[in-house]
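Structure assessment
Okay, here's what each chain looks like letter by letter:
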Amino acid sequence: MEGTVFAPALEGIKHVKSEEGVMLTKPFLDVCKHILPIIEKFGAAMALVKSDIGGNITRLENKYLSNPTKYTNLYSMVQEEVEAKTAKGSSSCTNGLLWLTRAMDFLVELFRNLLEHGDWAMSQACSDSYSKTLKKFHGWLASSSFSVAMKLAPDRKKFMDVICGTGDIDSDIGQFCTTFSPLLEENHKFLASVGMDDLKAS
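Source: prediction; values computed, not measured.

Turning our attention to the UniProt feature "domain: Glycolipid transfer protein" (unreviewed entry) in the chain. The UniProt entry lists residues 24-164 under the feature "domain: Glycolipid transfer protein" (unreviewed entry), expressed in the numbering used here. Split by type, residues 24-164 is 71% helix and 0% strand. Its first and last C-alpha atoms lie 29 Å apart.

By rolling a water-sized probe across the atoms, one finds the places where empty space is left. Roughly 550 Å³ of volume is contained in the largest pocket. Taken together, 21 residues line the largest pocket, and the ones lying closest to its centre are Asp-52, Trp-99, His-138, Ala-142 and Ala-201. For the lining of the largest pocket, the secondary structure elements donating two or more residues are helix 3 (47-66), helix 5 (93-116) and helix 7 (140-150). Classifying every residue of the lining of the largest pocket gives 10 nonpolar, seven polar and four charged. Reported here for the second largest pocket is a volume of approximately 230 Å³. Considering the residues around the second largest pocket, the lining is formed by 15 residues, among which Asp-105, Lys-132, Thr-133, Glu-185 and His-188 are closest to the centre. Counting residues per element, the ones that place at least two in the lining of the second largest pocket are helix 5 and helix 9 (169-193).

Parameters and conventions
Residues numbered from 1 in each chain as written. Predicted model: local features only at pLDDT ≥ 70, side-chain atom pairs only at ≥ 80, totals over all residues. Heavy atoms only, no water. UniProt positions renumbered as here; feature names shortened; annotations may be inferred. Helix = DSSP H or I, 4+ residues; strand = E, 2+ residues; numbered from the N terminus. 1 Å grid on protein atoms, 1.4 Å probe; cavity = no way out; pocket = protein on both sides within 12 Å on 5 of 7 lines; lining within 4 Å. Points joined across faces, edges and corners; volume = space filled by probe spheres on them. Nonpolar A, V, L, I, M, F, W, Y, C, P; charged D, E, K, R; others polar.

Following this line, the structure appears as structure tokens:
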């Protein structure tokens, strides 16, 4: 494998916005897809997160594929649902984008922890990022499932060895966190502008 597991995502991030600065649906979803193989390397600890992310990508992608011209811009499907008053439905694309963005926040925070806290065990890095990102939106059930899953987190060194490939893993993780965070931030701002950023898990 050329470079680290982050190489495809880093390449993809460059194409997420149009020349006019608009967030594009397919490139954004593609970057999220490139993260799935990385999550897979966590094994059972991230099975919940992976199926959640995969499900939300599929939901948004199906909507996009139903009319690629109409839904080129990532936010167009949300605006349509907000106008139709269906945005708050649990199976809406708005909900899908919200939870996809939150799950990505969690992963960015986790990778940042791995970069900045060399002495932390993987489970500590996971728990810390969870409490900073997803926890406040989760009910008791989701939180407990998450805590149990984190106990299955892989050995940190083994995990890093698996994902580094032939590249500089620290540099790639740093670059991923720096370049992907602003895009997630923009999603939150947009969702907040339509009153959709503070939904909790049912």
